[in-house]
Amino acid sequence: MNIVMFGPPGSGKGTQAKILEVKRGLPQLSTGDMLRAAIAAGTELGKKCREIMDAGELVPDDVVIGIIAERYDLPDCDKGAVFDGFPRTIPQARALDSMLKMRSRKIDLVIELKVNDAVLIDRVKQRIKESGGVGRADDTPETLQNRLTVYYQNTAPLLEYYKRQGKLVTVDGMAPIEAVTTAIAAIIDQAERKG
Ligand code: ADP
């Protein structure tokens, strides 16, 4: 099964994707984590992306499409994967659909975590406080504001794209973590029963 975890920054996509990885053996493919790893390793790709990410802008579509395609072909994605932070634009969503089609696969479910802005801002502020100033470079109040703007402009239109495909399911992302996990598990179980 291939699942897209969808939602604004701070909505809990990563938390839930990690849980799915452990519980269902579906690898979490987080483009944000992959790009941060490239920056930490000092690769050419990392150098190219650092400033863009620090500003809360999107790295070019071809960059993330390339790293996802490469990652998806590793054997641990045989049974599918959970996409976290990808796709973030319509061209990325189209590229993902055609990449999967070429492999006789498809996106089965898109799970949207719905969280309002005030809660998102509080969560990221909390994350900043807990990291004691050594956390993510893009976790600053100014950059967060820009990440939200970019989300509403470029990424939120994907909701309509996936709704039209009949794949979108929305979960209350403001519920406690365990309640969100339970809701997601029920959605996946139901989709599996339907086949
Ligand atoms: P968030 O907590 O904002 O969801 P991520 O870890 O998913 O953060 O991504 C952090 C940054 O990495 C983004 O703001 C963006 O610069 C870059 N990035 C991650 N995924 C993508 C993508 N699919 N397309 C373009 N840029 C991306």
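Residues numbered from 1 in each chain as written. Predicted model: local features only at pLDDT ≥ 70, side-chain atom pairs only at ≥ 80, totals over all residues. Heavy atoms only, no water.

Let's talk about the environment of Met34
Move 1: Tracing the backbone shows Met34 in helix α2 (residues 31-41).
Move 2: Along the backbone, Met34 and Ile68 are 34 residues apart, and their C-alpha atoms lie at a distance of 9.1 Å.
Move 3: With residues near it in sequence (within four places) discarded, Met34 still touches Leu29, Ile67, Ile68 and Arg71. (Helix = DSSP H or I, 4+ residues; strand = E, 2+ residues; numbered from the N terminus. Contact = heavy atoms within 4.5 Å.)

Brief notes about the sheet that holds strand β3 (residues 81-84)
Move 1: An order of β2-β3-β1-β4-β5 is seen for the 5 strands of this open sheet, with the pairing classed as parallel. Of all the strands in the sheet, the pair left with one neighbour each is β2 (28-30) and β5 (168-172). The mean inter-strand angle of the sheet, taken between neighbouring strand axes irrespective of direction, is 25°.
Move 2: For β2 and β3, the ladder comprises 3 bridges, and the chain directions are parallel. What sits directly across from Ser30, in β3, is Asp84. (Pairing = 2+ DSSP bridges. Axes fitted to C-alpha atoms, helices over the stretch in contact; angles between N-to-C directions.)

Here we look at the packing of aromatic side chains
Move 1: Applying the stated criterion to the full structure yields 5 aromatic pairs.
Move 2: Ring centres 6.4 Å apart and planes at 45° place the aromatic pair Phe83 and Phe86 in the tilted group. The same class applies to Phe83 and to Phe86, which are both buried.
Move 3: Between Tyr161 and Tyr162 the ring centres are 5.1 Å apart and the planes differ by 85°, which places this aromatic pair in the edge-to-face class. (Phe/Tyr/Trp six-rings, centres within 6.5 Å; stacked < 30°, edge-to-face > 60°. Buried < 20%, exposed > 50% of the residue type's maximum accessible area, 1.4 Å probe, protein only.)

A few points about helix α1 (residues 13-24)
Move 1: The end-to-end C-alpha separation of α1 is 16 Å, in line with the 16 Å expected for 12 residues at 1.5 Å each.
Move 2: All buried positions along α1 are accounted for by Lys13, Gln16, Ala17 and Leu20. Projected down its long axis, α1 shows its buried positions confined to an angular sector of 100°, all on one face.
Move 3: Two residues or fewer after α1 comes Gly25, characterised by a positive phi angle close to 70°. (Expected span 1.5 Å × (residues − 1). Arc of directions from axis to C-beta.)

Details of the pattern of salt bridges
Move 1: Inspection of the entire model under this criterion finds 12 salt bridges.
Move 2: Notably, a salt bridge pairs Arg103 with Asp73, separated by 2.8 Å at the nearest N-O pair. Placement of Arg103 in the loop between α5 (90-102) and β4 (109-114) and of Asp73 in the loop between α4 (61-72) and β3 is noted, with a sequence separation of 30 residues between them.
Move 3: Overall, the relative accessible area of 29% leaves Arg103 in the partly exposed class.
Move 4: Residue classification places Asp73 among the partly exposed residues on the basis of a relative accessible area of 46%.
Move 5: The shortest N-O distance in the salt bridge between Arg147 and Asp138 comes to 3.8 Å. Take Arg147 and Asp138: they sit in the same class, and that class is buried.
Move 6: When salt bridges that share partners are traced, they join Arg127, Arg136, Asp138, Asp139 and Arg147 into one network. (Salt bridge = Lys/Arg side-chain N within 4 Å of Asp/Glu carboxyl O.)

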